[in-house]
Structure formats: C-alpha cells, structure tokens
Amino acid sequence: MLNPTGSTPCAIGYVAFSGANLQHNYYITKKRLLTLIVAAIFLLSGIFLRLAYIQVVWGKDLQAKAADQWQRDLPIKAYRGDIVDTNGNLIATTETGYSVYARPQSVDEPEQCARVIAEVLELDYQTVYDKLVKRGVSEVTIKRQIDTAKAEELRSYNLEGVYLSSEGLRSYVYGDFLSQVLGFVSSDGVGQTGIEAYYDKYLQGINGMLLTETDLVGDELEQGSMTYIPSVNGLTVTLTIDAVIQTVVENVLQLAMYQQKPQAARCIVLDVTTGEILAMASKPSVDLNNLPRDNLDYLMKYSKNTLLTDVYEPGSTFKILTASACLEEYRNGNSKAFSAEHIFGNSAGTRIIDGSKISCWTKHANGKHSNQNLSDALNNSCNPIFTDIALSLGKNTMYDYLYKFGYGSTTGIDFAGEQAGILVPESAVTNGDLARIGFGQTIAVTALQLCMATSAAVNGGLLMQPYLVKEISDPTTGQVVKRFSPTVVNRAISEETSKQIATMLQRVVAEGGGKNANVPGYQVGGKTGTAQKFVDGALATGKYVSSFIGFFPASSPKYLVLMIVDEPEGQSYGSIVAAPYAGLVFREIINYKNIAPLE
C-alpha cells in the first residue's frame, strides 16, 4: 500500500537515520581533534618550560661544567693586603712569589722533567715523578711559594707541561717584630693566628685565573684561546700600634731578658683615653719570616699572645681596684666604706680570717706601716688594710666593682683567643677568699684586663674597649672601607674618685714602691706587684711574677704601661725587677713625643 504522499516509509526512515549518524561522527572527530590539539599544546608547553628551566635555572651550572670539560684554569693568586702601623709604616707586606704546577697529560718526558724540578727546587725525585705521571687529574701542584730566582731558573729549562703561577709571598719587614700580635699565615696564604687571622677576610683578596682551551684528554689546543681573569688584591689594615713605641718596648724587653734571666718578659702600652693599643710584645718570640713549622710546640708557645690568652694572679697591682671601690662607695654614702682620711690600725701587721693568717709583705716591727690612711696603704702596699676594705664592703659590693672594671669577662679586643680570667663564683666566695681578693690573690686575670681596669681607675672612670686596628682601606683608591673608634663599655667610678686614685698612685711612684719607674720632671703614677705563681694547681716555691703598672701624666693620664717579668732570677719584687723597665719605656715615649717637663 502506498502512502498518501507517495513515498515509501522505509526509505524515509533510512535517510533520517543516515543524517543523524553523520552529524554524530562529525562531533566525535571534532572532539578528538580538539583533544589532540590540547595534548600537543601541553606537550609543547612542557618541552618549552623544560628548555626554559634548563636555560635559566641550570644554565650557569651547565656552562660551568662545559667550560670545565674544555678549559683548564691556572690560578692567579691575589696579593694579600699590607699591614701598617698607625703612622703608615709598613709592617707586613706581600712580595712576588711563584707556585709550580704540572699537567700530567702535557708532560712529554716525566723522568727528565722530574730530575730537573727535584734539583732546582730541592725536592725528592720520586715524589715529583709520581705527580708528573699521575692519571685521572688535570693538574697537580709541585711546590708553593718559591722565590723569583728559583722561578727564573726553572723557567729557563722550558719544561713541557710545567707551569709557573705568580702568587703573593708573605713578608714581615722586621722578622720577629710584633710577632704575637701580627700572627702568621698558612702555606696557602690564609691567616692562622693574630691580626692575620682575625682580619683575614679583608686581607686575603680575590683570586683570578688563566683559562686555556684543551681537548678531551686535557692537552692544550694549539689554536685554542686564553682568557685572563685578573685577581683583586687585599685591603690595607692600619693598626693602632705605633712602630716607634713598639720598637722601644721590644728593646726594653730584650734588656730585661738579658739582665733578669726570666722565663718571659711582657709589656703593653696603651692610650687610656681611647683604648688604643700602642705597643704589645712578649719575649721570647718567633721570627715570622722563618717560622719553626716543623716544631709545632715551640711555634705555638712563642707565637701565642699570652698578654690576653694567659691568666695570672695580679698581686698588689690589683689593689688599685680595691682602693677605687672603697673611695667610690664612701662618696656614694656607703657607711661600710672608708674615707681617704680614715686611719687603719696596725694589729701587728696581720689578720686572722677564718682561722687563716694574712700577713703584710714586710714585718711590722717598730710600728712600721701602723696608723696608715688609704694613700699610705697604697704607698706601702700593705695587704691587711686591703683585706679590711674588702671584708667591710662585703662580697656583693666587691663583686659589683669586679664586674664594673671588666673582670670575669673578655675585654672585646679584636683578637681571637682572649680569656675572661678566673673569678671564684660569687655564691661560693668565703671570707678568706674575699680577704685575699682585696690584695690581688684568689683571682686570676689577663694582663690586658688589668690594663683596662687600671685605665678606668685613672682616666676619669670609664672602662674602654681596647682595639688593635684603626681602619681598613683600599690601597688602590685610598678609600676607607671600615673605621674603628673608641668605645666606652661602662662607667666604673666617678671622675672625682678617679682623680683621687691618680693622685695617690702618683705618690707611690714619687716616694713609695714604684719610685724606680719615676721620671724626674714628669708626673708618673703607678703600682708594683709581686705574685707567687701557681703550677699544677698549687703555689710554686720560689716562682714569682713581678710587675709594675703605671701611667703619665698623672694629672691628665694619657699613656699606660704594664711591665711583667715572669720568674726572674734573684730578686722578685716588682719594685726592683719590673718598675725600672717601665721607667725606661716612659722616658723613651717622652723623648719620641717631645713632651716638655712640668714647669
């Protein structure tokens, strides 16, 4: 039967079905194409990002690795910076030296080459030969720091594969001059001790290099290029040390060593108004140009700056602190303190503290040292009176002044290895301990601590931070990179008390135990000290540290000198053994500075 339209129903249904199927296939194809495009975009983006990452993030590392494969570098050592004194006088410098390198791949005749190098540089033949035939390395070091003459001799042989690289050779103008302060460098030119170590980052400079192109096995390419990267020399370090005063001190110490035959002699000179160290020396010392590197015990013993690394009992020089604390507390209204006019009794020159006898250094026969005031006690260095003061002020007050004057902590000097001294813990101090601390026993200090505390006692009452370097500058431009200035740590005592102490100490030198340090026509103040040494934790019989600490002019202190003679033969009193040498230093400073006498 026919449809009224005349068409076949099956045919109509087929056509409709085929059109829908085609449209469906079109959308599927379009979706797949879109997916493929998106995937391609993601893939290309990933590749691009990866390439960008390699270029930006890994770029420098990959370039360095590539350069390392086709380039060999010969180091060009920077010259270490100079060290000069406060007036610009050269003390340590760097001369031209050379290092010898070899590239085993480029050495044609290792036997002949090794013989020549061993003979010229005075080395073991087999050691040199083994280096020249070593495989798996691009470069070996034969010897560091040879002088110009040896370098020229070696260069004349024109050895294939052997190279000379210029580098700085550290040189000290005066050998053993200022040796414990300057310190020394390693064979690689790195600061090991002293100023050389403390300011190494300023002194060392920045190394350069000479780059040469090579093949895969490390041989230089005949037509290869060379790239020169210059080194940058180190900065100049200017010390507070005055070379003239340092020379005076070293000469006086040598004299003390000859005359007193001690184990050691030491001295510090400083400016009490600023904390600048003007001279610092110990004898025996070492020659910095000829260090005994094969004897490390000797090297470390005599290159160490014992003035700030070793501690000792200061003895009577410490009485300056006790006197200062007494006068300051009296000024502040402490009823337990004594006035400058107070008269101390005799008590036969002894005190019994916790069952232990404390005696004066001399017998009080015939009333000697009786009825003294504080100035008399300093003048006569009478131990019992300083025992009375310490016990009367009490533990808390005495320890307050110990801390104010810097004891029990480092001074903060620009030098590694400084010690803080030894204080009996405040909680553990007995009356016997406190009594002895009053006159400089049962306490261990460094020489530098004693200097800074005494400076505070006479400079107006200010504890200063000591320093050894005044400035650091660029030698090329002259521009100052870093400058150091006086630093006040704290106020220890008042100006009025400081003036009283300075006047009393002037009397000690004018008519008391310090008279051997006196310079006629000039106001010199000071205090002597004699302390028995401790060895293995016990007092050593017959072994003493003799010392004198003084300053001038007493009316307006400027220069302070500490002289220490360690274990002198014969006499041990600081008044006899140490004071005269301090007097010599005072005289030479006066001559050098052309200081006029008082009218």
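The structure displayed is predicted, hence computed values, not measured ones.

Draft legend 1. Spatial organisation of the overall build of the protein. Of the regular secondary structure elements, the protein holds 20 helices and 19 strands. When the 599 residues of the protein are sorted by exposure, 48% land in the buried category. Long-range contacts, defined here as pairs at least 24 residues apart, represent 72% of the contacts in the protein between residues at least 6 apart. When the accessible surface of the protein is summed, it comes to about 29,200 Å², and 53% of that surface belongs to carbon and sulfur atoms.

Draft legend 2. Summary view of the pattern of salt bridges. With the rule as written, the count across this model stands at 19 salt bridges. In this structure, Lys150 engages Glu122 in a salt bridge whose closest nitrogen and oxygen atoms are separated by 3.9 Å. On the criterion of sequence distance, the pair formed by Lys150 in helix α5 (residues 148-155) and Glu122 in the loop between α3 (110-121) and α4 (125-132) is long-range, its members being 28 residues apart. Take Glu122: its relative accessible area is 67%, and that puts it in the exposed class. The partner of Glu250 in a salt bridge is Lys283, with the nearest N and O atoms 2.8 Å apart. Residue Glu250 is located in helix α9 (residues 243-260), and its partner Lys283 is located in strand β10 (residues 277-283); the two are separated by 33 residues in the primary sequence. Of the two residues examined, Glu250 and Lys283, each falls in the buried class.

Draft legend 3. Quick peek at α3. With twelve residues, α3 should cover 16 Å at 1.5 Å per step; its first-to-last C-alpha distance of 16 Å lies within 8% of that length. All buried positions along α3 are accounted for by Pro110, Cys113, Ala114, Val116, Ile117, Ala118, Val120 and Leu121. The inward-facing, buried residues of α3 contact β3 (90-102), α4, β4 (140-146), α5 and β5 (162-172).

Draft legend 4. Fine view of the environment of Ser99. Assignment of secondary structure puts Ser99 in strand β3. The spacing of Ser99 and Leu169 is 70 residues in sequence and 10.0 Å in space, taken between C-alpha atoms. Each residue touching Ser99, except ones within four places of it in the same chain, is listed here: Lys143, Arg144, Gln145, Tyr163, Leu164, Ser165 and Glu167.

Draft legend 5. Expanded view of the packing of α3 against α5. Direction vectors running N to C along α3 and α5 enclose 160°, while the axes themselves pass 10 Å from each other. Relative to α5, α3 is oriented roughly antiparallel. In this structure, α3 meets α5 at a crossing whose hand is right-handed. Where α3 approaches α5, its residues Val116, Ile117, Val120 and Leu121 are matched on the opposing element by Lys150, Glu153 and Leu154. Classifying every residue of the contact of α3 with α5 gives five nonpolar, no polar and two charged.

Draft legend 6. The arrangement of the state of the cysteines in detail. Tallied over the full model, the rule gives zero disulfides. Unpaired in terms of disulfides, Cys451 finds its nearest cysteine sulfur in Cys267, a separation of 8.2 Å. Of the residues examined, Cys451 reaches a relative accessible area of 0% and is grouped as buried.

Draft legend 7. Summary view of empty space enclosed by the protein. Evaluation of the coordinates by the stated rule reveals one cavity of 30 Å³ or more. Approximately 40 Å³ is the volume attributed to the largest cavity. If you go around the largest cavity, the residues you meet are Thr317, Phe318, Ile320, Leu321, Phe405, Tyr407, Leu450, Ala453 and Thr454. Contributing elements (two or more residues each) for the lining of the largest cavity: α12 (319-331) and α17 (447-458).

Draft legend 8. Quick peek at the confidence of the model for the protein. Summing up the model confidence of the protein, the mean pLDDT is 88 and the portion of residues at 70 or higher is 86%. A low-confidence stretch, residues 1-15 stays under pLDDT 50, and its non-local contacts, those more than four residues away or across chains, total one contact.

Draft legend 9. Seen up close, the pairing of strand β8 (residues 236-239). Every second residue of β8 is oriented toward a common face, with Thr236 and Thr238 on one face and Val237 and Leu239 on the other, all of them buried. As paired strands, β8 and strand β14 (residues 469-473) are joined by four bridges and run antiparallel to one another. Each residue of the ladder has a partner; that of Thr236, found in β14, is Ser473.

Draft legend 10. Just the nonpolar core, in detail. Leu239 and Phe405 are the most contacted members of the largest nonpolar core, which totals 98 residues. Residue contributions to this core peak at nine residues, all from α17. Not counting residues within four places of it along the chain, the set of residues in contact with Phe405 comprises Leu321, Ser324, Ala453, Ala456, Ala457, Leu463, Ala492 and Ile493. Counting residues in each nonpolar core, the second largest holds 33 residues, with Val249, Ala279, Val524 and Phe548 among its members.

Draft legend 11. Representation of the environment of Tyr581 in the model. Position of Tyr581 relative to the elements: it lies in helix α20 (residues 579-593). As for Tyr581 and Cys267, which are separated by 314 residues in sequence, their C-alpha atoms are 9.7 Å apart. Excluding residues that lie within four positions of it along the chain, Tyr581 makes contacts with Val252, Leu255, Ala256, Gln259, Gln260 and Met563.

Draft legend 12. Main features of a negative patch on the surface. Residues Asp108, Glu109, Glu111 and Glu160 make up a contiguous surface patch of negative charge. Looking at where Glu111 falls in the secondary structure, it is placed in helix α3. The class for Glu111 is partly exposed, based on a relative accessible area of 37%.

Draft legend 13. Summary view of the packing of aromatic side chains. Going through the model one piece at a time under the given rule, you end up with eleven aromatic pairs. Taking the centre distance of 6.0 Å and the plane angle of 70° together, the rings of Tyr399 and Tyr403 count as edge-to-face. Taken together, the residues span about one helical turn, with Tyr399 and Tyr403 both in helix α15 (residues 395-404) at a distance of four residues. For Tyr399, a relative accessible area of 1% puts it in the buried group. Between Phe552 and Phe586, the aromatic rings sit 5.4 Å apart at their centres with planes inclined by 85°, giving edge-to-face as the arrangement.

Draft legend 14. Up close: the environment of Val249. Its location among the elements puts Val249 in helix α9. On the basis of relative accessible area, Val249 is assigned to the buried category, the value being 1%. A sequence separation of 18 residues divides Val249 from Cys267, and the C-alpha atoms of the two residues are 6.9 Å apart. When sequence neighbours within four positions are dropped, the list of residues in contact with Val249 reads Cys267, Val269, Ala279, Ala281 and Val585.

Draft legend 15. Expanded view of the side chain of Ser575. Its place among the elements puts Ser575 in helix α19 (residues 574-577). In contact with Ser575, other than residues within four places in its own chain, are Gly513, Asn516, Thr528 and Pro580.

Draft legend 16. A look at the packing of α9 against α20. Where α9 meets α20, the closest approach of the two axes is 10 Å, and the angle between their N-to-C directions is 155°. As far as their axial angle goes, α20 and α9 are roughly antiparallel. In this structure, the crossing between α9 and α20 has a hand that is right-handed. Between α9 and α20, the contacting residues are Val244, Ile245, Val248, Val249, Val252, Leu255, Ala256, Gln259 and Gln260 on the first element and Tyr581, Leu584, Val585, Glu588, Ile589 and Tyr592 on the second. Class assignment for the residues of the contact of α9 with α20 results in twelve nonpolar, two polar and one charged.

About the thresholds
Residues numbered from 1 in each chain as written. Predicted model: local features only at pLDDT ≥ 70, side-chain atom pairs only at ≥ 80, totals over all residues. Heavy atoms only, no water. Helix = DSSP H or I, 4+ residues; strand = E, 2+ residues; numbered from the N terminus. Buried < 20%, exposed > 50% of the residue type's maximum accessible area, 1.4 Å probe, protein only. Contact = heavy atoms within 4.5 Å. Areas by Shrake-Rupley, 256 points an atom, 1.4 Å probe, with all protein chains shown as cover. Salt bridge = Lys/Arg side-chain N within 4 Å of Asp/Glu carboxyl O. Expected span 1.5 Å × (residues − 1). Axes fitted to C-alpha atoms, helices over the stretch in contact; angles between N-to-C directions. Parallel < 35°, antiparallel > 145°, perpendicular 65-115°, else oblique. Left-handed = near helix turned anticlockwise from the far one by under 90°. Nonpolar A, V, L, I, M, F, W, Y, C, P; charged D, E, K, R; others polar. Disulfide = S-S within 2.5 Å. 1 Å grid on protein atoms, 1.4 Å probe; cavity = no way out; pocket = protein on both sides within 12 Å on 5 of 7 lines; lining within 4 Å. Points joined across faces, edges and corners; volume = space filled by probe spheres on them. pLDDT = per-residue confidence, 0-100. Pairing = 2+ DSSP bridges. Core = buried A, V, L, I, M, F, W, Y, C linked by side-chain atoms within 4.5 Å. Patch = residues over 30% accessible without salt bridge, like charges linked within 9 Å, V, L, I, M, F, W, Y side chains within 5 Å. Lys, Arg positive; Asp, Glu negative; His and termini not counted. Charge placed at Lys NZ, Arg CZ, Asp CG, Glu CD. Phe/Tyr/Trp six-rings, centres within 6.5 Å; stacked < 30°, edge-to-face > 60°.

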